[in-house]
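# Topology and contacts: notes
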Amino acid sequence: MIEARGLSKRYGKTLAVDNLSFSVTPGRVTGFLGPNGAGKSTTMRMILGLDTPTGGSALIGGKPYADLKHPLRTVGALLDAKWVHPNRSARGHLRWLARSNQLPAKRVDEVLDLVGLSGVANKRAGGFSLGMSQRLGIAGALLGDPQVLLFDEPVNGLDPEGILWIRKFMHRLADEGRTVFVSSHLLSEMALTAQDLIVIGRGRLIAHSSTEEFVAAATENTVRVRSPQLAVLRGALGRTGVSLRDEGDSLVVSGMESADIGELAAANGVVLHELSPQRGSLEEAFMQLTGDSVEYHTDLDAPAAADLIAAGK
Amino acid sequence: MTLLAVERLKLFTTRSPWWSMLAALVVTIGFAALMAGTSDDTAPMDLAATQFGYNFGVVVVMVMAALAVTTEYRFSTIRATFLAVPNRTAALLAKTAVVATLGALIGAVAAFGSWGIATLITPEADLALDSPYAWRAVAGVALVYFFSAVIAVAVGTFIRHSAGAISALLIYSQLVESLVQLIPNVGDDIYKWLPFNVANNFVTGDPDPSARPVEFGPPPSTAELSPWWSLAYFAGFALVLLILSIVSANKRDA
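Conventions and cut-offs
- Residues numbered from 1 in each chain as written.
- Chains lettered and ligands numbered in written order.
- Predicted model: local features only at pLDDT ≥ 70, side-chain atom pairs only at ≥ 80, totals over all residues.
- Heavy atoms only, no water.
- UniProt positions renumbered as here; feature names shortened; annotations may be inferred.
- Helix = DSSP H or I, 4+ residues; strand = E, 2+ residues; numbered from the N terminus.
- Phe/Tyr/Trp six-rings, centres within 6.5 Å; stacked < 30°, edge-to-face > 60°.
- Buried < 20%, exposed > 50% of the residue type's maximum accessible area, 1.4 Å probe, protein only.
- Lys NZ or Arg CZ within 6 Å of the ring centre and 35° of its normal.
- Arc of directions from axis to C-beta.
- Contact = heavy atoms within 4.5 Å.
- Pairing = 2+ DSSP bridges.
- Axes fitted to C-alpha atoms, helices over the stretch in contact; angles between N-to-C directions.
- Polar contact = N/O pair within 3.5 Å; in protein donor to acceptor, adjacent residues only side chain to side chain.
- Parallel < 35°, antiparallel > 145°, perpendicular 65-115°, else oblique.
- Left-handed = near helix turned anticlockwise from the far one by under 90°.
- Nonpolar A, V, L, I, M, F, W, Y, C, P; charged D, E, K, R; others polar.

The next thing to look at is the UniProt feature "transmembrane region" (unreviewed entry) in chain B. Residue and element names in this part refer to chain B. Mapped onto the present numbering, the UniProt feature "transmembrane region" (unreviewed entry) falls on residues 18-36, 56-75, 96-121, 133-156, 163-183 and 228-249. Counted over residues 56-75, helix gives 95% and strand 0%. Its end C-alpha atoms are 28 Å apart. As annotated, residues 133-156 comprises 100% helix and 0% strand, and the C-alpha atoms at either end are separated by 33 Å.

The final tally for this structure, using the stated rule, is 14 aromatic pairs over all chains. Both rings, one in Phe-112 of chain B and one in Trp-135 of chain B, keep their centres 6.4 Å apart while their planes meet at 55°; by these two values the pair is tilted. Pair noted here: Phe-112 of chain B is in helix H6 (residues 88-121) and Trp-135 of chain B is in helix H7 (residues 132-159), with a separation of 23 residues, a long-range link. Between Phe-196 of chain B and Phe-234 of chain B, the aromatic rings sit 5.4 Å apart at their centres with planes inclined by 70°, giving edge-to-face as the arrangement. Here Phe-196 of chain B is found in helix H10 (residues 195-204), whereas its partner Phe-234 of chain B is found in helix H11 (residues 227-251), with 38 residues between them in sequence. We note that Phe-196 of chain B, like Phe-234 of chain B, is buried. Pairwise contacts between aromatic rings join Phe-22, Phe-32 and Phe-181 of chain A into one cluster. The lysine or arginine in question, Arg-172 of chain A, covers the ring of Phe-169 of chain A, its NZ or CZ lying 5.2 Å from the ring centre. If you follow Arg-252 of chain B out to its NZ or CZ, it ends over the ring of Phe-158 of chain B, 5.8 Å from the centre.

To continue, consider helix H8 (residues 230-240) of chain A. All names here are of chain A. Buried within H8 we find Leu-230, Leu-233, Ala-236 and Leu-237. Considered in projection along H8, the buried side chains sweep an arc of 130° and stay on one side of the axis. Away from the buried face of H8 by more than 90 degrees, exposed residues Ala-231 and Arg-239 are located. Of the surrounding elements, those touching the buried residues of H8 are strand S10 (221-226), strand S11 (243-247), strand S12 (250-254) and helix H9 (258-267). Backbone geometry just after H8 places Gly-241 at a positive phi near 85°.

So, on to the sheet that holds strand S2 (residues 14-24) of chain A. Residues and elements named next belong to chain A. Strands sit in the order S2-S1-S4 across an open sheet of 3 strands; the sheet is antiparallel. What marks the edges here is a single partner per strand, and that holds for S2 and strand S4 (55-60). Neighbour to neighbour, the strand axes of the sheet diverge by 20° on average, direction disregarded. Judged from the 5 bridges that link them, strand S1 (residues 2-11) and S4 form a sheet pairing that is antiparallel. If you follow Ser-8 over to S4, its bridge partner there is Gly-55. Docked against the sheet, helix H1 (residues 40-47) engages S1, S2 and S4, running at close to 120° with respect to S1.

Residue and element names in this part refer to chain B. When you line up the elements, Asn-201 lands in helix H10. A residue is classified by how much of its surface remains accessible, and Asn-201, at 6% relative accessible area, is buried. At 2.8 Å, the side chain of Asn-201 forms a polar contact with the side chain of Ser-230. Discounting residues that sit within four places of it in the chain, Asn-201 has contacts with Arg-136, Ser-221, Ala-223, Leu-225, Ser-226, Pro-227 and Ser-230.

Residues and elements named next belong to chain B. Packing of helix H4 (residues 54-74) against H10 brings their axes to within 12 Å, and their N-to-C directions diverge by 125°. With respect to their mutual orientation, H4 and H10 come out oblique. Regarding H4 and H10, the two cross each other, and that crossing is right-handed. Every residue of H10 that contacts H4 at Tyr-54, Val-58 and Met-62 is listed here: Phe-196, Ala-199, Asn-200 and Val-203. For the contact of H4 with H10, the class distribution of residues is 6 nonpolar, 1 polar and no charged.

Here is the structure:
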């Protein structure tokens, strides 16, 4: 159980995290979603006691991180896979971590086995690929068999096989009843990994719901209609009060199912050349929600970029 | 005890302590051999001359000690450390203890090694360890290395970057202190109280062996404290820096 209460962090003039409150429950994978620079890493570092909050507090199982005795037995964290001395072996790295929390040395071999690094245990960590480094980082997080796990962008830069492995691993950990809190800037990835979502933008809470609810609420469903008698159809649809948008030789209808549109067309004797439901993409939804809160804008403002993506589909 | 074991594991699973040890021993013992080999009637070998390279060993030990902290910042293993041990004061004190003890060990081996090789090369010279001065001149090197390492750990913790920390340490201990003497009127009086000059006084002072020309031994110190008060002063300086650096590590984001 992770709890943030009015968590804030200010760097000079910028407010990186702004009065953030949420709780992460056990037994589920909770995604922590937001564009780059939204304050995800800063929030995680505050939860872990690495950064001091400017305001508010973060608790793990009701206690601040600094008050945990042998914290690795309660909380496992992977903030950055590169937090390893390159000349130390994988086993050497895990051995000092284990020793610091008085965990038995054999636990090191267990977690190495668990993440599939037994074969390279004595190789220097500096020579590891990103995927191997991530596995080593996960091994470190699992050392103390903790009930709470935090991962910061664990799939960043991984190949599909590595991504799948990590995704399955998270589910397994959550199924075992653990609290799993994982950040990402990719909604498409989170839609597959997380059951709950905490969405932030510019350090502020945007949404806190189940992933399904979030995706359903965020993606707008529309129907594209093409017809040689478009004017007639437009008139008929207009009388029902749905919202319409002209797009070249077709109409985009939102707020009405395709079946109802088809029946309306038939009732009015209109020939249809196309009647296709359009599902909004997750990326679009995400950009619509966080559009105003992206810290570093490109020249395109976010809605315009969303339209461009939509047009490209 | 656990934390000391952790820091020992961390230190010795990297290469830099081994290289530093080797470098420190080669430099100090090498200089002792050089001094003994080139001694003659005009410049006979004495105890001070066996420790000619001791100041260079200080440099190597300080670099090793600073790197022990700054590489942790560079590779962020300090963050992993603070995750495992949220009590930063305890973690940093353990690191300081381990690194400084290694420094003292290097100092002891370097000093007795230098003395030993000089005894072998010039058996006729009077190198007997038979006075408080003689013991300080040789065994005392270990204590100076110990506190030099504490200073370097403190500076490393404060500056966090290897290049910055090492430059600060070397420029201060090797240049700034001696250059202070060039300040008109007050320079010499200030110099008497600068920590590395005072530390020298512990090893080389009372009786002042500077009857020999300075190039035949560590430059004599101008400090006026008694030898053991000199060490206490140097230790106090190291301790103040350590406390300041730990306070800063607790305040700053890791």
